[in-house]
Number of protein chains: 2
Amino acid sequence: MQTLKVDLGERSYPIHIGEGLLDQPELLAPHIAGRQVAIISNETVAPLYLERLSRSLAAYSVISVILPDGEAHKNWETLQLIFDGLLTARHDRRTTVIALGGGVIGDMAGFAAACYQRGVDFIQVPTTLLSQVDSSVGGKTGINHPLGKNMVGAFYQPQAVLIDTATLNTLPPRELSAGLAEVIKYGLICDEPFLTWLEEHVDALRVLDQVALTEAISRSCAAKALVVNADERESGVRATLNLGHTFGHAIETHMGYGVWLHGEAVAAGTVMALEMSQRLGWISAQERDRGIRLFQRAGLPVIPPEEMTEADFLEHMAIDKKVIDGRLRLVLLRHMGEAVVTDDYPKEILQATLGADYRALAQLKG
Amino acid sequence: MQTLKVDLGERSYPIHIGEGLLDQPELLAPHIAGRQVAIISNETVAPLYLERLSRSLAAYSVISVILPDGEAHKNWETLQLIFDGLLTARHDRRTTVIALGGGVIGDMAGFAAACYQRGVDFIQVPTTLLSQVDSSVGGKTGINHPLGKNMVGAFYQPQAVLIDTATLNTLPPRELSAGLAEVIKYGLICDEPFLTWLEEHVDALRVLDQVALTEAISRSCAAKALVVNADERESGVRATLNLGHTFGHAIETHMGYGVWLHGEAVAAGTVMALEMSQRLGWISAQERDRGIRLFQRAGLPVIPPEEMTEADFLEHMAIDKKVIDGRLRLVLLRHMGEAVVTDDYPKEILQATLGADYRALAQLKG
């Protein structure tokens, strides 16, 4: 087992990573202050892991709230089921909410913990690669609104994060690939040597080599923890974590939540950021193609939806959270392994990027 | 104009109190970081003050969201109207949300500000006596749930609070009295000399003497700011602010939100706390009656609803936020002007308090 510490003063918390951690009650106990525990999971994950986690919590009064699965349910109506469960069971403000599932469960359970009686304790047990390397670290919680993704939420830190790498054995391959999109992102934005490591190990990761997975998760969490440490509320460097996300959110919003997986949209969105960085002369065509090739080997889409026009992208990006006073800030690559956040680029380059021939770029690598 | 400072480190903010402050744009400008402003108000207050406040904000891009009036609308469905308004107008994370109205508007606009894009700036412009002395100070925001009051919310501090005492000229007398319940509370819990001052000025307050109102609001805010300074997250001394609220919330929940005004329920609830303190031998019968008399002179109810049984109270109090691990903590008076939070009392005294003859106590003062 490896343990990282996210250092945020009095809100610091540990991330434990390793095989079989679900069966280790001693990792949870130090982070549960009261006698009540509420496990929030979904219809897919609960049958696989709820009983095991509950056994590790035999010392507590445990309830579970099982939500429908999927991004389409990341809304107020579903969140309300958590409050209903907590209030019906008369959980008080010393209860501990545990998220058992992927990013959607983590975001909703975390937001519910942030809001329930104005804030109760919260533990993350992420069971997808995406949530293990991304949404379980950094304190972002929330739900979607019909007019935009993650528009309602809170910054709220967990007491601890428990990552059992063995849970990836039941993850559908498409979701494993989606998680790899975020893993590759860390290499692109701040860790060029990790990018090289990934090129050597991407095949091993796709066949669930546990040693490779542990290393990839650990390096990803360490990279994110480092960035979050430096900038908890996303005023500066943290925004580089959104590489590919502005384009990606536009894809998700346009296609409808859940049609493309988040990681898939991030992969295609990052390819657009690579293309724009190349058009700005910051990276070479060969470097751009290196990124495209790695996403392809990870089983990810590198072409935005054919049906999306330049106007579609601009419309959806205009209400992105990264818009400050109407100027569109984008995360781009100054070099491979070094991202920057900037709104200082010719508008024509953005337009050319939105209109580029990604099908041709993808075929060159095919 | 008087200005108090609530000292919370980097989240400190000023409270400006005085006549005609709505027409002083220079008080708002230092607290608005972006170009977008969203005024949240309701159908009752907006016709009276929205245009004046908007004129003071002529330098900004201003939208308004007008909600239905009343505690019955303090729920998710109404909160959603704020998010709809912000997103439709494409307000970004540098927007400033301004609450123009009473406690319900402040709680909802504050919670919306806490959640919108995970937190945007917020200014309180309270227009009822209750919200001026209570809900605009202390950072509590939130909405009700069918199973409990204020069960979903956040601790979120405003950038500033602007109290225009002239807005009380349009406040219904019943709501003025409800606000006086909280004013009297400050005397009871921590300021015996203020209690004496109130006995001398309660008639002046009820006829809207501006000098007396300014003094009462200022002393109340100062008392609350002092308590909040000492204990931002309600772990200790802040809980004394809930004098009368545990009994009062039970009354509000049982009767249905909005049937009794919050201040009315607090008044009757505080009389119950006085009665229990007397039964514990902490205050005399004369001191209890002094409190009852003051509430009566302020035009407030001092008898809990006839229809509520002991069992009704216990049922509703069992999910109160002040319940820690199943033991019911209550705010009681050790002396007049000194409140304590305790769960160390004989259960029989609580039961006797719930069954006491408040009609007889009230008639003695009549």
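Quick notes on the rules
- Here the residue index of a chain counts from 1 through its sequence in written order.
- Whichever chain is written first becomes A and whichever ligand is written first becomes 1, with later ones labelled in order.
- Two thresholds apply to this predicted model, a pLDDT of at least 70 for residue-level local features and 80 or more for giving and counting side-chain atom pairs, whereas whole-chain, interface and lining totals are computed over all residues.
- Side-chain calculation: all heavy atoms of the structure are included, whereas hydrogens and water are not.
- Put simply, DSSP marks the helices as runs of H or I at least four residues long and the strands as runs of E at least two long, and each gets a number from the N terminus on.
- Using C-alpha atoms as the atom set, the radius of gyration is obtained and then compared with a globule rule of 2.2 Å times the number of residues to the power 0.38.
- The contact criterion used is simple: two residues touch if any of their non-hydrogen atoms lie within 4.5 Å.
- Per-residue and other accessible areas were derived by the Shrake-Rupley procedure at a 1.4 Å probe size, with only the shown protein chains allowed to occlude residues.
- In this tally, Asp and Glu contribute negative charge and Lys and Arg positive charge; neither His nor the terminal groups of the chain are included.
- Throughout, a charge is located at the NZ atom of Lys, the CZ atom of Arg, the CG atom of Asp or the CD atom of Glu.
- Just so you know, the domain bounds were taken from an automatic or database domain assignment.
- Joining two parts hides part of their accessible area as seen by a 1.4 Å probe, and the buried area is that hidden amount summed over both.
- Every case where a carboxyl oxygen of Asp or Glu lies within 4 Å of a side-chain nitrogen of Lys or Arg is listed as a salt bridge.
- Put simply, a nonpolar core is a bunch of buried Ala, Val, Leu, Ile, Met, Phe, Trp, Tyr and Cys residues held in one set by side-chain atoms that sit within 4.5 Å of each other.
- Exposure is judged per residue with a 1.4 Å probe applied to protein chains only, and the accessible area is read against the type maximum: over 50% gives exposed, under 20% gives buried, and values in between give partly exposed.
- Here the rule is simple: two strands pair whenever DSSP picks up at least two bridges between them.
- Axis angles are defined between N-to-C directions and span 0 to 180 degrees, where every axis is a line fitted to C-alpha atoms and, for a helix, only to the segment in contact.
- Residues are called lining when one of their atoms sits within 4 Å of a cavity or pocket point, these points coming from a 1 Å grid over the protein atoms alone, where a cavity is a set in which a 1.4 Å probe fits but cannot get out and a pocket is an open set with protein on both sides within 12 Å along at least five of seven lines.
- Grid points are joined across faces, edges and corners, and a volume is the space filled by probe spheres set on the points.
- Each residue gets one of three labels, nonpolar for Ala, Val, Leu, Ile, Met, Phe, Trp, Tyr, Cys and Pro, charged for Asp, Glu, Lys and Arg, and polar for the others, Gly among them.
- To estimate how far a helix should extend, the number of its residues minus one is multiplied by 1.5 Å.
- Two N or O atoms count as a polar contact when they lie within 3.5 Å, although within protein this holds only if one can serve as hydrogen donor and the other as acceptor, and sequence-adjacent residues are included solely when both atoms are side-chain atoms.
- For Phe, Tyr and Trp, rings pair up if their centres lie within 6.5 Å, where Trp contributes its six-membered ring, and each pair is then called stacked (planes under 30 degrees apart), edge-to-face (over 60) or tilted (otherwise).
- Counted as over-ring charges are cases with an Arg CZ or a Lys NZ within 6 Å of the ring centre that also lie within 35 degrees of the ring normal.

Asker: Kindly report on the overall build of chain A, identifying the contributing residues and their values.
Answerer: Within chain A, the regular secondary structure consists of 14 helices and 13 strands. Relative to a compact globule of 366 residues, whose C-alpha radius of gyration would be 21 Å, chain A shows 20 Å and is just as compact. Projected onto the principal axes, the alpha-carbon positions of chain A cover approximately 60 × 40 × 35 Å. The long-range share in chain A, meaning contacts at least 24 apart out of those at least 6 apart in sequence, stands at 76%. Surface exposure of chain A reaches about 12900 Å², of which carbon and sulfur atoms provide 51%. Across chain A, the 32 positively charged side chains and the 45 negatively charged ones have centroids separated by 3 Å.

Asker: Go over the domain arrangement of chain A with me, naming the residues and quoting the values.
Answerer: All names here are of chain A. In terms of domains, chain A is made up of domain 1 (2-169) and domain 2 (173-365). Contacts between domain 1 and domain 2 engage 34 residues on the former and 34 residues on the latter. Considering only the surface of domain 1 that becomes buried against domain 2, L129, V133 and K149 emerge as the three largest contributors, covering 21% of it. The tally of links from domain 1 across to domain 2 stands at two salt bridges.

Asker: Please provide a residue-by-residue account of the nonpolar core, values included.
Answerer: Ranked by internal contacts, the top residues of the largest apolar core, which has 79 residues, are I15, L188, F247, M276 and F295 of chain A. Per-element tally for this core: the top contributor is helix α8 (residues 210-230) of chain A, with nine residues. When residues of this core are assigned to domains, at least three map to each of domain 1 (2-169) and domain 2 (173-365) of chain A. Listed in part, the 78 residues of the second largest apolar core include Y13, I17, C221 and L330 of chain B.

Asker: For the sheet that holds strand β1 (residues 2-6) of chain B, give the residues involved together with the corresponding values.
Answerer: Residue and element names in this part refer to chain B. Read across the sheet, seven strands follow the order β1-β2-β9-β6-β5-β3-β4 without closing on themselves; strand pairing throughout is mixed. Edge strands, defined here as strands with exactly one partner in the open sheet, are β1 and β4 (61-67). Taken over all neighbouring pairs, the strand axes of this sheet differ in orientation by 15° on average, direction set aside. In this sheet, strand β2 (residues 13-18) lies alongside β1 in antiparallel orientation, the contact comprising five bridges. Following the sheet pairing, K5 is matched in β2 by P14. Against the sheet, helix α3 (residues 76-88) contacts β3 (36-42), β4 and β5 (96-101), and its axis sits at roughly 160° relative to β4. Taken strand by strand, helix α4 (residues 103-115) contacts β3, β4, β5 and β6 (121-126), and its axis lies near 170° from that of β5.

Asker: Explain empty space enclosed by the protein residue by residue, including any values.
Answerer: Residue and element names in this part refer to chain A. Across all of its chains, the model carries three cavities of 30 Å³ or more by this definition. Space inside the largest cavity adds up to approximately 40 Å³. Residue lining of the largest cavity: N242, L243, G244, H245, T246, F247, A273, L330 and V331, and that is the complete set. Breaking the lining of the largest cavity down by element, the ones donating at least two residues are α9 (245-255) and β12 (330-335). Tallying contributions element by element places α9 first for the lining of the largest cavity, with three residues. Here the lining of the largest cavity is built from residues that sort into five nonpolar, four polar and no charged.

Asker: Describe helix α8 (residues 210-230) of chain B, listing the residues and the values that go with them.
Answerer: Here α8 of chain B contains 21 residues, and its C-alpha end-to-end distance of 30 Å stays within 8% of the 30 Å for a straight helix at 1.5 Å per residue. Where α8 of chain B begins, the capping side chain belongs to D209 of chain B, and its oxygen is found 3.0 Å from the backbone nitrogen of V211 of chain B.

Asker: Outline helix α11 (residues 285-297) of chain A, listing residues and values.
Answerer: Residues and elements named next belong to chain A. The first and last C-alpha atoms of α11 sit 18 Å apart over 13 residues, in line with the 18 Å expected at 1.5 Å per residue. Those residues of α11 that sit buried are R288, D289, G291, I292, L294 and F295. Downstream of α11 by a residue or two, G299 has a phi angle that is positive, lying close to 85°.

Asker: I'd love a proper account of the packing of aromatic side chains, names of residues and values included.
Answerer: According to the stated counting rule, one finds seven aromatic pairs over all chains in the structure shown. Relative to F83 of chain A, the ring of W76 of chain A has its centre 5.8 Å away and its plane inclined at 45°; by these criteria the two rings are tilted. We note that W76 of chain A, like F83 of chain A, is buried. Seen from their ring centres, F83 of chain B and Y116 of chain B are 6.5 Å apart, and the 15° between their planes marks the pair as stacked. Residue F83 of chain B is located in helix α3, and its partner Y116 of chain B is located in the loop between α4 and β6; the two are separated by 33 residues in the primary sequence. Of the two residues, F83 of chain B and Y116 of chain B, neither departs from the other in class, the shared state being buried. Through a chain of ring-to-ring contacts, three or more aromatic side chains come together here, namely W76, F83 and Y116 of chain A together with W76, F83 and Y116 of chain B. If you follow K185 of chain A out to its NZ or CZ, it ends over the ring of Y186 of chain A, 4.8 Å from the centre. The lysine or arginine in question, R118 of chain B, covers the ring of F155 of chain A, its NZ or CZ lying 5.9 Å from the ring centre.

Asker: Could you give an account of the sheet that holds strand β2 (residues 13-18) of chain A, with specific residues and numbers?
Answerer: Residue and element names in this part refer to chain A. If you walk across this open sheet you meet the seven strands as β1-β2-β9-β6-β5-β3-β4, and the pairing is mixed. Either end of the sheet is taken by a strand with one partner, and the two such strands are β1 (2-6) and β4 (61-67). Adjacent strand axes in the sheet meet at a mean angle of 15°, parallel and antiparallel pairs treated alike. Sheet strands in contact with helix α2 (residues 46-56) are β3 (36-42), β4, β5 (96-101) and β9 (160-164), and its direction is about 165° off that of β3. Contacts between α8 and the sheet are confined to β1, β2 and β9, with β1 contributing the most and set at about 15° to the helix.

Asker: Before we move on, can you summarise the side chain of Q124 of chain B with the specific residues and values?
Answerer: Residues and elements named next belong to chain B. Relative to the helices and strands, Q124 resides in strand β6. Exposure remark for Q124: the relative accessible area of 6% places this residue in the buried category. If sequence neighbours within four positions are ignored, Q124 has contacts with A99, G106, S135, S136, P158, A160, V161 and L162.

Asker: So what's going on with the pattern of salt bridges? Residues and values would help.
Answerer: Residue and element names in this part refer to chain A. Taken as a whole and assessed by the stated rule, the structure comprises 36 salt bridges over all chains. The partner of E71 in a salt bridge is K149, with the nearest N and O atoms 2.8 Å apart. Taken together, the residues span a long stretch of sequence, with E71 in the loop between β4 and α3 (76-88) and K149 in strand β8 (residues 148-155) at a distance of 78 residues. An identical accessibility class is assigned to E71 and K149; each is buried. Residue K149 pairs with E252 through a salt bridge whose shortest N-O separation is 3.6 Å. Taken together, the residues span a long stretch of sequence, with K149 in strand β8 and E252 in helix α9 at a distance of 103 residues. The residues K149 and E252 share a single accessibility class, namely buried. Each of E275, R279, R288 and D289 takes part in a single network of salt bridges with overlapping partners.

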